[in-house]
Structures are given as C-alpha cells and as structure tokens.
Amino acid sequence: MSNENNNAPGAPGAKSRWTSSAKSGVGKALNAASQVLFTLRHGIVNEIYFPREDIACIKDMELIVTDGKNFFSEEKRDTDHSIKFLKPGIPAYKITNTCIHKKYEVVKEIIADPFRNTVLQNITFTQKQKSPSLNLYVLLAPHLDNEGNENSGWIGEYKGIPMLFAQSDSLSLALVCTSKWLKRSIGYVGASDGWTDLNEHKQMNWQYNNAHHGNIALTAQIDVSQTNNFVLALGFGRNPAEAANHAWGSVLEGFDSAKNWYIHGWQSWMKNLDNIKGKHFKISAAVLRMNEAKTFPGGIIASPSIPWGEIKGDNDKGGYHLVWPRDLVESAGGLLALKTNDDALRIVNYLMSTQKEDGSWPQNMWLEGSPHWKGLQMDQVALPVLLIDKCNRHNAIDKGRMNRYWPVVKRAISFLIKNGPYTQEDRWEEEKGFSPFTIATEIAGLLAAADIAEINNEKDLAAYCRETADYWNDNIETWTYVTNTSLAKKNNIDGYYIRLNPYYDIAANDLGDKTINLKNHTNGNGQTLLQELVSVDALALVRFGIRAADDPKILNTIKVIDALLKVETPNGTCWHRYNNDGYGETKNGEPYDGAGIGRAWPLLTGERGHYEIAAGNMDDAKRLLKNMEAFANHGLLPEQIWDTNDIPEKELYCGCPSGSAMPLTWAHAEYLKLCASIKMKKIFDMPPQTKQRYLKEKICSNFKLWRFEHQSEKMEHGKDLRIEVIADAIVHWTDNGWQTKNEIHTKDTGIGIFIADIKTQNENASAIEFTFYWTEGKNWENKNFLVKIIKD
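The model shown is predicted, which means the values in this text are computed figures rather than measured ones.

Time to look at helix H14 (residues 552-564). Residues separated by three or four positions in an α-helix point in the same direction, a consequence of the helix having 3.6 residues per turn. The terminal C-alpha atoms of H14 lie 19 Å apart, and with 13 residues this matches the ideal 18 Å at 1.5 Å per residue to within 8%. Where H14 is concerned, the buried positions are Ile554, Asn556, Thr557, Ile558, Val560 and Ile561.

Moving on to the sheet that holds strand S31 (residues 754-758). The 4 strands lie next to each other as S25-S27-S31-S30, forming an open sheet whose pairing is mixed. The outermost strands of the open sheet, each flanked by one partner alone, are strand S25 (703-707) and strand S30 (747-748). Across the sheet, helix H10 (residues 459-474) touches S25, strand S27 (720-725), S30 and S31, and the angle it forms with S25 is around 100°.

Another point: the state of the cysteines. The bond known as a disulfide is covalent and runs between the sulfur atoms of two cysteines. Enumeration according to the criterion identifies 0 disulfides in this entry. The cysteine Cys465 is free of any disulfide, with Cys700 supplying the nearest cysteine sulfur at 19 Å. Cys656 takes part in no disulfide bond, and the closest cysteine sulfur, belonging to Cys654, lies 8.0 Å away. Given a relative accessible area of 28%, Cys656 falls into the partly exposed group.

The subject of this paragraph is the side chain of Thr480. Tracing the chain through its elements places Thr480 in helix H11 (residues 476-480). On the basis of relative accessibility, which here comes to 0%, the residue Thr480 falls in the buried class. The contact partners of Thr480, leaving out residues within four places of it in the chain, are Phe434, Pro436, Ile439, Tyr496, Tyr497, Ile498 and Ala508.

Two numbers describe how helix H8 (residues 399-419) lies on helix H9 (residues 436-455): the axes approach to 10 Å, and their chain directions differ by 140°. Classified by the angle their axes make, H8 and H9 are oblique. Viewed along their axes, H8 and H9 form a crossing whose handedness is left-handed. Contacts between H8 and H9 pair Met402, Trp406, Val409, Ile413, Leu416 and Ile417 from the former with Glu442, Leu446, Ala449, Ile452, Ala453 and Ile455 from the latter.

Another aspect to go through is the packing of helix H5 (residues 325-337) against helix H7 (residues 379-393). Two elements in contact, H5 and H7, have axes separated by 8 Å at closest approach and are oriented at 20°. Of the possible angle classes, the one that applies to H5 and H7 is roughly parallel. Relative to H7, H5 is oriented so that their crossing is left-handed. In this structure, H5 contributes Pro325, Arg326, Val329, Ala332 and Leu336 to the contact, and H7 contributes Asp379, Gln380, Leu383, Pro384, Leu387, Lys390 and Cys391. Of the residues contributing to the contact of H5 with H7, the split by class is 8 nonpolar, 1 polar and 3 charged.

Cut-offs used in this document
Residues numbered from 1 in each chain as written. Predicted model: local features only at pLDDT ≥ 70, side-chain atom pairs only at ≥ 80, totals over all residues. Heavy atoms only, no water. Helix = DSSP H or I, 4+ residues; strand = E, 2+ residues; numbered from the N terminus. Expected span 1.5 Å × (residues − 1). Buried < 20%, exposed > 50% of the residue type's maximum accessible area, 1.4 Å probe, protein only. Pairing = 2+ DSSP bridges. Contact = heavy atoms within 4.5 Å. Axes fitted to C-alpha atoms, helices over the stretch in contact; angles between N-to-C directions. Disulfide = S-S within 2.5 Å. Parallel < 35°, antiparallel > 145°, perpendicular 65-115°, else oblique. Left-handed = near helix turned anticlockwise from the far one by under 90°. Nonpolar A, V, L, I, M, F, W, Y, C, P; charged D, E, K, R; others polar.

Written as structure tokens, this is what we have:
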C-alpha cells in the first residue's frame, strides 16, 4: 500500500522508551571533526550521542529479516551475537549475528567516520538456506535531542540520493545505504511503524512519507539481490541538509578509508600510554577518552547510558550521560595512572571552569555546567582540590596555571570549612550526615589545600586548613564509630565504623535505637538501625592515608563489612555498597523503578584491592584485579553485577553485568588505578600529606570548636576553645564567673571566617563563658554563651 500524500496514521505513537543500559560496545573517533559517540547492545547500534556526549539522538537501529509470508526475525532478539575488536583494545567492532533458526547471518563492522558526524556500518548479509528468499529491512528509532516523543520524519532526497530523514528542533539525522532502497516508510511506533507492519504482514505493506511530532520509526527495505555487502551511513547535523551531507560524504569517502583513519587515531594515542599490565587497560583508557566531550574539553560523562532505560522515557533524559565532579576526579586519576598528564589536565581545567560561585560544585551537571540534580555532596568539593595537588605532584601543572587556579581553590576551601565535615548527601547521593568517606576526602582535601596555599604565599591560611583538618580527624570516631552493639557482639568485635551519622549533636555511640528510613525502598522497608548500618566507605580512611590498614578499628570494620556486604560469584568476589541497599533490580530481576535490591559493585572490588595493597597483601590485590576483569563484558565494566541465582530469560547471570549503567567511567578509572597500584606496590593515589601527618607524625588537635550553628556545650580540660564566626568581633570571656574579664580580637582567615582561640590558664576553671562585640555593626550580641570544662 502506498500513501504518497498523507501522513502516517496513529499519531503520536506509543510512549517512547529508551533501551538497555548494559552496553557491549562504545565507539567514537578521536578526531575533533567527528562529534558522534555510538553504543552497542544485543548485536546492534543503541544510543548515538550528538553533537555532545550528553545528548542522545537515537534509541536503536537494527535489521529485520522476513520471507514475505511466515518468517519474521528481529536482529536484536532472534540472533546469537558475538562481538570482537577489529584491533586489540581499539573501540572499532566486528559483530556477527547468527539467526537462531539458522536461516541467515549478519556480519557488521561498526565505526564512526573520523572526519564527519556519521556512524558507519559495513554489513554482509548471508542467507544460509536457498529458499525461501529472504527480505532485509533496516529499522531506526530516532530520539533526537534526548526526546523520544517529539520527532518528525520523512522520506526525501539529498542531491538526488534517496534517504530517510528525522528532525527534532535543531537536530537532524539522515540515513543512506550503498545498496538500493526498495521501499521506505515513516510511521508512529505501535501504530504505523515498520516493525508493526513487518511483524503483522512479513513484508512492507505500508509506505508513508511523513510522520510529525511523535514517537516515530524509519523503515526501509534493502536490495540484496545484486550484492549482499553494503554500507549503512547514519549522518547527523544541525539541519537535514547537514546530516545528509555528512552521511553521503562518508559513503563517497569509503568505509575502508574511514576505518583506517579511525583505527590510526586510536593507535596514535594509545602508543603513549604507560603499560600497566591489565587485561582491559586499553579499552578502559579508551572509555575515559570516549566519554570526554570534544566541545567541552575535560568534561567526562559518567556513562553513555540510562540505567534500566527500557522502562525510562523522556522524563529520564539525563540518565548517566551527565557529569559528576566525583567521577571526573576518578577519571583524572585513571589518566594520571596511564601517565597521560595532558588528558588529566583538561579535566582539572574543566572542573575549575564549572565551580559554582559559592565554591562548591553541582551534584551533577550538563556539559556546559548547568546543574541537573540539586544535591550537595561535600566530597565533590574536596576531591577537585585533591586533584589539583595530585597533578602538581605529577608535574602536570605549571606555576602560571597554579596561580590562575588559586582563587578557585580558595573558594573551595572556604566552602569546605564553612559547611563541612557534615554533608547533605553522601557519595551514594542518598543520605545526609557524617560519612567516613566524605570526611576522609575533606581532611585530605584541606591538607592538600594547605600546600597549595603555601605555594601562593598564604601561610596563615595554610596553618588554618591543617588545624581544621586535625580537628576533624580527631573526631572521626566520635561521629562514626560504635561499640558494644548487637552486631559487634555477633561478630566478636568491640565496634566498627557505621555508614553515616545524621546527627550533629549525638555521638555515634549514643545513637541507641535511632533509625533511618533509607531511600530506594517502599512500605517502610528502608527502616534501619543507624548503629547497624554498615558501608564499605570506612575503607576510605585507609585509602586516603588517615588510618592505618592494621588499625584495630579498621580490622574490626572489615569483619562486619565482609559479614554483611561481601558476595562470592562465579567470576569472583564483590561487595555491596551498604546493607539494605535498595538501588538495583527487584528480587525477581525486574528493572529498578524507585525501589529494589542493591547489587554488588565491581568498583568496590577495586577499592578493596587498594586496601589489600595498603595492608601488604599483594596476592589478594592481584586476585581482586582478576575478579574485576571477569566482571567485564567485552572489556566494559558495569556499575553493578547480578549477585544471586541466574535468571536467563532476563539476561541476569551471577557475576555478570546487571541492567545498571555500563560502561561506568568510575569503575574503569578504579581499574586503571588498581593496575598502577599493583605495578608500584603501593596505593597510587594515596595523598602523602595525610600519611605523613597522621600515620607517621600522629598529630592531634589542641582545641574544641564552637560555632553559632554548632554550639559545643563541653570541652576537655587542657584544650583551647576555638571560636569561629563569619564577621569580625571582639570576644569578651571569663573562666572564673566574670571575676576577671578578658578580651580577644578575632583573626581574619581570609576566607570569610574569623577565629579566636581562648587559652585558659586557670587550672580550677569549670567553664568558659563569653559574648561578642561586633566591630562592623558596633553592637553587642546581648547574650552570654558557656562551654563546660570536663576533667578526667
């Protein structure tokens, strides 16, 4: 049936959905002229990103085979898939899809044109049985500009060349084939699209020229009567003509030429990588580079995927193709491990350019720096400071650049000290409180900041950073270590670090029966005793050089971590983030949709490997590296692995990737750093300042801190009282009930905080009482404050 004058019926089509986030391949040319990134899954092309790595433009593109009468076979569902690199570690792919009914085979080589915005597929279609003759079709689902429900498509030509087009706002795509199109059609998904037509009729009975503003699909029959080898070129542009020009230009250039230049570009970059002897080190390095934006140098997305995308629609357009400052710092560390300093330096510069005015960074952001989610995670303020220090120690930053970055670092220091160490969200983006991981990054960040301050001739600020870090370090156990709990007794230990403590004025050991309602749960299933909420995060205290690997409290915590969070799989050992985690598939393998069961994370195997290095257990570290490699799918590391009984019909196998994001940049960075750490026989990214100050010199704090927002009620005898305010003041104080009066003028730290240290000489003092005279407003506080002195 031909319909040349009318639009396809059934507008706007079914509600759009994305596709599987567990990729089996990712590809991108290194040449700056090409701005497309493609992904692979189930033997076909999945999302393609253009013109930025955070903008998806298609859902997927596959072949369909019919016999015109009874047989219908969909490439992604009805074939067995194998995938290989065209060259070891180079993200250029050869996919072989074999019909489960042995009727045909499809062999595809897939690359991106290094000089154009085109994804190229060199396809050979082989019919395995002489009769009946098979028909071949291509089906493409546009999702331009991160939208599936607002696409328009049409049949057209470019310079007399037949093509299929789609457009949404300012983005377009064009599909051309080196073989003849026998039929073409545009339709609405679920109503008039090619899949529906072919599934019902086993041939293209519907031929529609246009479909506007909906969830559409482009379909065409490919002539395989003259040759079974052809090239599909999918071009992208700011308008239809631009997209068509890129597609047709790629065809004229030739697939082999594009492939050779594509591979050459990657080989040229990889020849400079430090060989850190990991099975997947090349593809891991490639993942970091592919996820870096070309138009925003140094901006690396977390993953070119949308977790459990098969149930996600236009409201979930962000997915993981966004930038997290934490993941950026981790990625930079991976690149430094490969000794590609210039690549790491681009990340530093990007971070410096996206800092918020108040000194913090967004929870996550689009590539231009616009915030997406609105949370505040203090580790994402500290980690960029650590990265600058790390790059400086790797001689990647010259003096001029350090001078330019200093104002950015100084704003970060101010924000850290004013708002830390408490965080509004931990690194898992869910809960607020005192978190061992966050505190570790903050302390290390402040010591790194102190060194940077000294480089910039601000010695007083450097001293203040170190003193604040010392105070926070002294209080880690008060905030996060519990003893004599039922869980401790069950594991025959005296105590352990908990995941977090949401109370500023209650010590962890005094939390008692207080509970927390964890996110990612329903019907109250998230209710958990705070003192029995355990996380792998405590190992960060060792990773960042704040506690020794053989510290009894660390060893105790490892016993609880392994009792609650460790899981053994056919591919090796892995760990959950924390107990009663709800971020993962449901018990029966259904996709996460706001509640589920948290699965094991391969990057945590990498983190444990780093702990084992610190503990001197090199064999265990090497074993865990092998485990990470076994968790990978074609070299790609997932966010989570399935960690219970296999569910084959849902492609869930114990020890293999689940439906969460893959590849995860963070996981690949952790893998690279573990490779480097094993080679060096020490933790590659352990800050030297913390190790020297706390593990060797064992420096402690000599004061108790008081702020208006956190008014300490008591302090130990023999310590000073440090008062911190945000305006200049004269502090009037006494340690003998105002029998004598003292005053001290606050000192400006240079970052919007004014401090006064009260040193009492009265051995019999039972309290310090004080008030303020505000110099700028020339007024008294008109209220006295009291801190009791506690003697042993």
